[in-house]
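Structure at a glance
Okay, here's what each chain looks like letter by letter:
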Amino acid sequence: MKWRPALAAMASLALVGLCLISWLGLGAHGDDGPQPPKTADPQAQIARGEYLTRAGHCVGCHSARGGAAFAGGKAIETPFGVVYASNLTPDAESGLGRWSATDFWKAMHHGRSRDGRLLTPAFPFTNMTRVTREDSDAIFAWLQTLPPVSQRQPDNSLRFPFNTQAAMVLWRALYFRPGIERPDPERSALWNRGAYLVRGLGHCDACHAPRNALGAVATGPVWPESSAGQSPRKATMSELSGGWLPAQDWYAPSLRLHPEAGSARPWSTDELVALLRDGRHDRASILGPMAKVVFNSTQWLHDDDLTAMATFLQSLPPGESRPPPGIPAPIARDDTLRLGLTLYEKHCADCHGENGSGQPGRYPALAGSRTVTLPVAANTIQIVMHGGYAPGTAGNPRPHGMAPSGPFLSDLEVAAVVTYIRSAWGNQATPIDTHEAGKYRRLRTD
Amino acid sequence: MRFRAYPIRLFPQIFIWRWRGRLLSGLCLLWIAGIAQASDLGERIAPCTVCHGDQGRSGRDAYYPRIAGKPAGYLLNQLRHFQAGRRHYDWMTALVDPLPESYLTEIAEHFAALNPPYAPPTPTTLAPDQIELGRRLVLEGDPGRALPACVQCHGQQLMGLQPAIPGLLGLTRGYLVAQIGAWQAGSRRAYDPDCMAGIAKKLQPQESAAIAQWLAAQPVKAMAKPAIEPTRRLPLKCGGIPQSSEMPTVGERPQTESGHPR
């Protein structure tokens, strides 16, 4: 009988799953968390809640384009199907109108909805679990002040088996332990505040870290609540080591590797703070998906919180550079470089300079640019193809823009000019072929 | 009385005279700062001019409309529509996405103030009765179907109406037909009440073509500008367009768009 081993394997898998569920206590509802401290000043709590909601960039997913703020409905594309963001306004039927602060805490801390349903990891509860009860209550208090909007989000359209609660249980068993971010006594208060914001509310690793085949993020150290007093599971070297954004076709560069966007060098803490607050400093500016993060989130944060985040990010060990040394990079063909040079002089040199040096504060340098030489050329091709604006912020209210070339350059020409800037002026990155450039011609906005 | 009036009238003159040097240099600085601000916008809006032309006179092909000389309120409304998904062109949406209202207003006012020469009109290719149909719909509308004439809102000269109604001349017929089609399909929208959607949905295909052909065939006078008629009553209530003289410069914004209340 052919099917007998398969059946046996399935049965034992199911048994192992059941054991895991009972062992981890996942079947039980999560606890209510520490009793909420009485707030002396509700107005201050609401103001703090708005600030924290910005720090969490909640609006990025929980508002659909053109829709009411925080009314949800935005389609979040994942490799497993589409998840629709929920309505956070206090509407009784479709929003959080009937929720209590404890219900909200359970969603944040345990990833569990008011009705007991396990939320999909598209909601980054692996990060939000690190948020304190006090902060969770403040966010909830602010959300409750929004005008209620009656708008039910469509049902998620996830593929089987990802649309089952059993899959959610298994995923949690593998990748999730609820637990508040605990301060590291060996580090400064500033560093700990930064770690809390980056790993928790800021959920930077939702983009800036690799995901495995089941969509789980390589996270920072985890403090399981059931084992209080034990030392945390150590952070992996892949924490914040860069991730691909499949829905946008952009690469969120590593925040620790020096050849990517690791910030230990060459930027000062002040420059990193300026980048997050203003969307640019003299030597770099932000384009692409991160521009919206600055626009909606980080530009509103206080300088001391940004300094804390910068301090934490700059403390990350820089790690190995990629690709491994010893493998020579393919050399670009001469005719490609000649075409690239011609196009560069015609369309790019006016702003970025004949020698790729740019103009500080206006046009970023391309010579030595870490974005240009990223092993993944997606971002450079995107910028050349579609152009873009740095975010308009209080510190940079009239940003310079990069003109799109897609409307008048062919895929072959885009590939040539990108190949040229990746290999000119001492830059050493792999050439790009026409097919690679063409993959990014379609622009994907939500 | 003369004695009292004398020092009061003279004092500012003395003041101005004594500090004439400082005042003059201050004024010079303000003037230079103003020019610097205005002139450096050009280098900041390369993403706009690469397709719409450095004078906003329209672009590489029929797809990119002339934006120069359109009312600032209209241009600002369109930038907001791209941001909010009421108009669909991903390239525009991606560019304006991270920009604040103040900057969009400055960009809109910049292009509204330009007035480069218009391209020559496109001769029509339709039969005379179709052209007559186009002319009649533009100038007279069809009262039987409650279809207002274009000139009732877009100005007697069809050059638009301040502060927020666009001119219809100097555009290619490909662009015009595409816009009517987009309104019919619901892929181009304006603020509610979306009066152009209602009008476009009443048009038959040959009527859209006739209107676009007739409009694109009209020559445009060199210094033609949007009309200023604050007392004109529009035949329909249109969202984003102030009625009579409610709003002097730019279009109103009926709803909060996204993000946090500021």
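Criteria and cut-off values
- Residues numbered from 1 in each chain as written.
- Chains lettered and ligands numbered in written order.
- Predicted model: local features only at pLDDT ≥ 70, side-chain atom pairs only at ≥ 80, totals over all residues.
- Helix = DSSP H or I, 4+ residues; strand = E, 2+ residues; numbered from the N terminus.
- Buried ≥ 20, exposed ≤ 12 C-beta atoms within 10 Å, placed from the backbone.
- Contact = placed C-beta atoms within 7 Å.
- pLDDT = per-residue confidence, 0-100.
- Nonpolar A, V, L, I, M, F, W, Y, C, P; charged D, E, K, R; others polar.
- Pairing = 2+ DSSP bridges.
- Core = buried A, V, L, I, M, F, W, Y, C linked by C-beta atoms within 7 Å.
- Expected span 1.5 Å × (residues − 1).
- Domains from an automatic or database assignment.
- Axes fitted to C-alpha atoms, helices over the stretch in contact; angles between N-to-C directions.
- Parallel < 35°, antiparallel > 145°, perpendicular 65-115°, else oblique.
- Left-handed = near helix turned anticlockwise from the far one by under 90°.

Counting its regular elements, chain B contains 12 helices and 0 strands. Ordered by position in the sequence, the α and β elements of chain B form the string α-α-α-α-α-α-α-α-α-α-α-α. Across the 262 residues that make up chain B, the buried fraction comes to 35%. Counted over contacts in chain B with a minimum sequence separation of 6, partners at least 24 positions apart contribute 68%.

Within chain A one finds 17 helices and 9 strands. The long-range fraction of contacts in chain A, counting pairs at least 24 apart against all pairs at least 6 apart in sequence, stands at 67%.

Residues and elements named next belong to chain B. With 76% of its residues at a pLDDT of 70 or more, chain B has an overall mean of 83. Mean pLDDT values for the elements of chain B range from 50 in helix α1 (residues 2-18) up to 97 in helix α7 (residues 101-112). When the criterion is pLDDT under 50, residues 1-11 qualifies, and its contacts beyond four places in sequence or with other chains add up to 0 contacts. Scoring of the predicted complex yields 0.87 for pTM and 0.88 for ipTM.

Here we come to the interface of chain A and chain B. In this complex, chain A contributes 28 residues to the contact, which on the side of chain B involves 27 residues. Among the secondary structure elements, those contributing two or more residues to the side of chain A that touches chain B are α2 (42-55), α11 (289-296), β8 (388-389) and β9 (401-402) of chain A. Of the residues forming the side of chain A that touches chain B, the biggest block, 4 residues, is contributed by α11(A). Its residues assigned to classes, the side of chain A that touches chain B shows 13 nonpolar, 10 polar and 5 charged.

Most peptide bonds adopt trans geometry, and most residues besides glycine take a negative phi value. A cis amide bond, omega 5 degrees, links A:F160 with the succeeding residue A:P161. With respect to the element layout, A:P161 can be found in the loop between β3 (157-158) and α7 (165-175). The omega torsion of the bond from B:D192 to B:P193 falls at -10 degrees, within 30 degrees of zero and hence cis. Structurally, the position occupied by B:P193 is in the loop between α10 (173-185) and α11 (195-202). Even without a glycine there, the phi angle at A:F70 is positive, about 65 degrees. By secondary structure assignment, the location of A:F70 is in the loop between α3 (59-62) and β1 (75-78). Although it is not a glycine, B:A146 sits at a positive phi angle of roughly 55 degrees. Of note, B:A146 is situated in the loop between α8 (128-139) and α9 (150-154).

Let's shift gears to the sheet that holds β3(A). All names here are of chain A. If you trace the 3 strands from one edge of the open sheet to the other, you get β1-β2-β3, paired in antiparallel fashion. Edge positions in the sheet fall to β1 and β3, since each has one partner strand and no second. Sheet analysis places strand β2 (residues 81-84) next to β3, joined by 2 bridges and oriented antiparallel. Note on β3: the bridge partner recorded for V82 is S157.

Residue and element names in this part refer to chain A. Where β1 lies against β2, 4 bridges are found, and the strand directions are antiparallel. From the neighbouring strand, I76 faces β2, where its bridge partner is V83. The antiparallel hairpin formed by β1 and β2 contains 2 residues in its connecting segment.

Let us now look at the nonpolar core. A:M309, A:I381, A:V417, A:V418, B:L75 and B:A108 are the most contacted members of the largest nonpolar core, which totals 121 residues. Residue contributions to this core peak at 7 residues, all from helix α16 (residues 411-423) of chain A. Those residues within four positions of A:M309 in sequence are excluded, and the remaining contacts are A:G194, A:L197, A:V198, A:G202 and A:L276.

What follows is about helix α12 (residues 205-216) of chain B. Residue and element names in this part refer to chain B. Between its first and last C-alpha atoms α12 spans 17 Å; for 12 residues at 1.5 Å apiece the expected length is 16 Å, and the two agree. Most of α12 is tucked away, with 9 of its 12 residues classed as buried. Close packing links the buried residues of α12 with α8 and α10.

Let us now look at the domain arrangement of chain A. According to the domain assignment, chain A consists of domain 1 (33-178), domain 2 (181-223 + 234-326) and domain 3 (334-438). Just the C-alpha atoms count here: the centres of domain 1 of chain A and domain 3 of chain A sit 39 Å apart.

What follows deals with helix α12 (residues 303-315) of chain A. Residues and elements named next belong to chain A. With 13 residues, α12 extends 18 Å from end C-alpha to end C-alpha; this agrees with the ideal 18 Å at 1.5 Å per step. Listed in full, the buried residues belonging to α12 are D305, L306, A308, M309, A310, T311, F312, L313 and Q314. Buried residues along α12 sit in contact with α8 (189-201) and α10 (269-278).

The next subject is the packing of α10(B) against α11(B). All names here are of chain B. In the contact formed by α10 and α11, the axes pass within 8 Å of each other and the chain directions differ by 100 degrees. In terms of orientation, α10 and α11 fall into the roughly perpendicular class. Residues I180, W183 and Q184 of α10 lie in contact with α11, whose contacting residues are M196, A197, A200 and K201. Partitioned by chemical class, the residues of the contact of α10 with α11 number 5 nonpolar, 1 polar and 1 charged.

Averaged over all residues, the pLDDT of chain A is 89; the fraction at 70 or higher stands at 86%. Low pLDDT (under 50) marks residues 25-29 of chain A, which in the prediction has 7 contacts with non-local residues, meaning those over four places away or in another chain.

Another aspect to go through is the packing of α10(B) against α12(B). Residue and element names in this part refer to chain B. It is the contact of α10 with α12, at a shortest axis distance of 9 Å, that shows an interaxial angle of 145 degrees. α10 and α12 meet at a crossing whose hand is right-handed. Only S208, A209, A212, Q213, L215 and A216 of α12 make contact with α10, whose side of the interface consists of R173, L176, V177 and I180. Across the contact of α10 with α12, the residue classes break down as 7 nonpolar, 2 polar and 1 charged.

The subject of this paragraph is the environment of B:R136. All names here are of chain B. Along the chain, the position of R136 falls in helix α8. When the 16 C-beta atoms within 10 Å are taken as the criterion, R136 is described as partly exposed. Once the C-alpha coordinates of R136 and T105 are considered, the two residues, 31 residues apart in sequence, prove to be 36 Å apart.

For the rest of this paragraph, the subject is the environment of B:V177. Residues and elements named next belong to chain B. In this structure, V177 sits in helix α10. Placed 71 residues apart in sequence, V177 and E106 show a C-alpha to C-alpha distance of 29 Å. Not counting the four nearest positions on each side in its chain, V177 is found in contact with S208, A209 and A212.

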